[in-house]
Amino acid sequence: MLGVFAHPDDESLLAGGVLAQHSAAGARTAVVTATWAPDSPRATELAEALAVLGAGAPRMLGYRDARNETSAPGQPRWCDVNLDDAVAQVAGHIRQFHPAVVVTHDALGQLTGHPDHRRTHQVTLLAVETAGLADLHPEAGEPWQTSALYAATHPHSGIGDLGPLLSGVGKTLLSVPDEYTTAAVDVTEWLDQKWAAICSHRSQRQGKRPLPALLSRLDAEIRATILATEYFTRLSLTPAPAGRRHLTA
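Model, not experiment: these values are computed from the prediction.

How each quantity is defined
- Residues numbered from 1 in each chain as written.
- Predicted model: local features only at pLDDT ≥ 70, side-chain atom pairs only at ≥ 80, totals over all residues.
- Heavy atoms only, no water.
- Helix = DSSP H or I, 4+ residues; strand = E, 2+ residues; numbered from the N terminus.
- Buried < 20%, exposed > 50% of the residue type's maximum accessible area, 1.4 Å probe, protein only.
- Contact = heavy atoms within 4.5 Å.
- Core = buried A, V, L, I, M, F, W, Y, C linked by side-chain atoms within 4.5 Å.
- Phe/Tyr/Trp six-rings, centres within 6.5 Å; stacked < 30°, edge-to-face > 60°.
- Lys NZ or Arg CZ within 6 Å of the ring centre and 35° of its normal.
- Salt bridge = Lys/Arg side-chain N within 4 Å of Asp/Glu carboxyl O.

1. Focus on the environment of Val-81
Phase 1 of the analysis: Mapped onto the secondary structure, Val-81 falls in the loop between strand S3 (59-63) and helix H3 (83-97).
Phase 2 of the analysis: Given the relative accessible area of 8%, Val-81 is considered buried.
Phase 3 of the analysis: Taking the C-alpha atoms as reference points, Val-81 and Arg-119, separated by 38 residues in sequence, lie 9.6 Å from one another.
Phase 4 of the analysis: Here Val-81 is in contact with Tyr-63, Pro-76, Ala-86 and Arg-119, once residues within four sequence places are set aside.

2. Some details on the nonpolar core
Phase 1 of the analysis: The biggest cluster of nonpolar side chains holds 26 residues, and the ones touching the most others in it are Val-18, Val-103 and Phe-232.
Phase 2 of the analysis: Those elements giving two or more residues to this core turn out to be helix H1 (10-24), helix H2 (41-53), strand S4 (101-105) and strand S5 (148-153).
Phase 3 of the analysis: Discounting residues that sit within four places of it in the chain, Phe-232 has contacts with Leu-14, Ala-15, Val-18, Val-103, Tyr-150, Ala-151, Ala-152, Thr-153, Thr-181, Thr-182, Ala-183 and Val-185.

3. What about the packing of aromatic side chains?
Phase 1 of the analysis: Overall, the coordinates contain 1 aromatic pair when judged by the stated rule.
Phase 2 of the analysis: Here the guanidinium or amino end of Arg-28 rests over the ring plane of Phe-97, the centre of that ring lying 4.3 Å away.
Phase 3 of the analysis: One residue, Arg-223, lies across the ring of Trp-195, its end atom 4.2 Å from the ring centre.

4. Things to note about the pattern of salt bridges
Phase 1 of the analysis: Counted according to the given criterion, the structure contains 5 salt bridges.
Phase 2 of the analysis: Note that Arg-64 and Glu-69 form a salt bridge whose closest N and O atoms lie 3.0 Å from each other.
Phase 3 of the analysis: Under the relative-accessibility criterion, Glu-69 is labelled exposed at 59%.

Have a look at this one:
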């Protein structure tokens with residue numbers, strides 16, 4: 001399993017449970033992170049979180065967060081990077097790692113609609129398809145066809161206590177219809193690992209608005225209710241069987 005996420009801490013908040021679950025089952029897991037410099041304090045926090053989840057070393061693209069000028073000084077914002085260049089970079093990681101499953105953000109950019117989340121969704125969709133085609137970006141390695149692509153998401157019915165937590169600090173709430181969610185994974189067994197990984201992002205446990213900080217101030221039982229289920233939408237990108245003579249829905 002390869003996660004492709006916008007910021008350090010997205011991997012732990014959105015898919016920390018399934019990453020820990022897959023690692024515990026003996027699967028190889030890794031995470032590509034689009035923003036923040038590899039020599040920043042948040043890179044150190046990311047390395048600690050990935051170690052907790054069993055997801056290897058950070059794979060940081062090193063671009064600037066759209067809302068933080070200090071995240072990667074001298075680098076362009078991730079949402080401003082040339083699309084083809086961004087796709088080639090992520091496709092390179094897919095070709096190098098050979099994941100059966102790729103997990104990324106949904107089209108909304110999660111509940112808050114962060115532009116870096118939306119950009120990561122767009123780039124990853126293209127990169128998964130690109131990685132399987134030898135004539136696209138041959139410099140990025142031998143082609144590799146991923147079997148499944150999942151978008152981490154939040155259904156309307158799954159917002160629960162997370163809704164007032166975010167709206168209370170002025171954040172938006174963007175969710176999808178329940179039928180759009182194809183997997184609801186109970187990660188209770190790996191909840192301690194997931195929370196430890198979130199806590200590794202120490203800089204995000206400070207202040208009023210970061211989600212790790214909001215979660216840290218909650219009663220443990222309420223926090224567990226919020227974090228115990230991870231929701232995903234499976235996006236079909238693998239080619240259909242050959243031989244069809246017409247298009248079907």
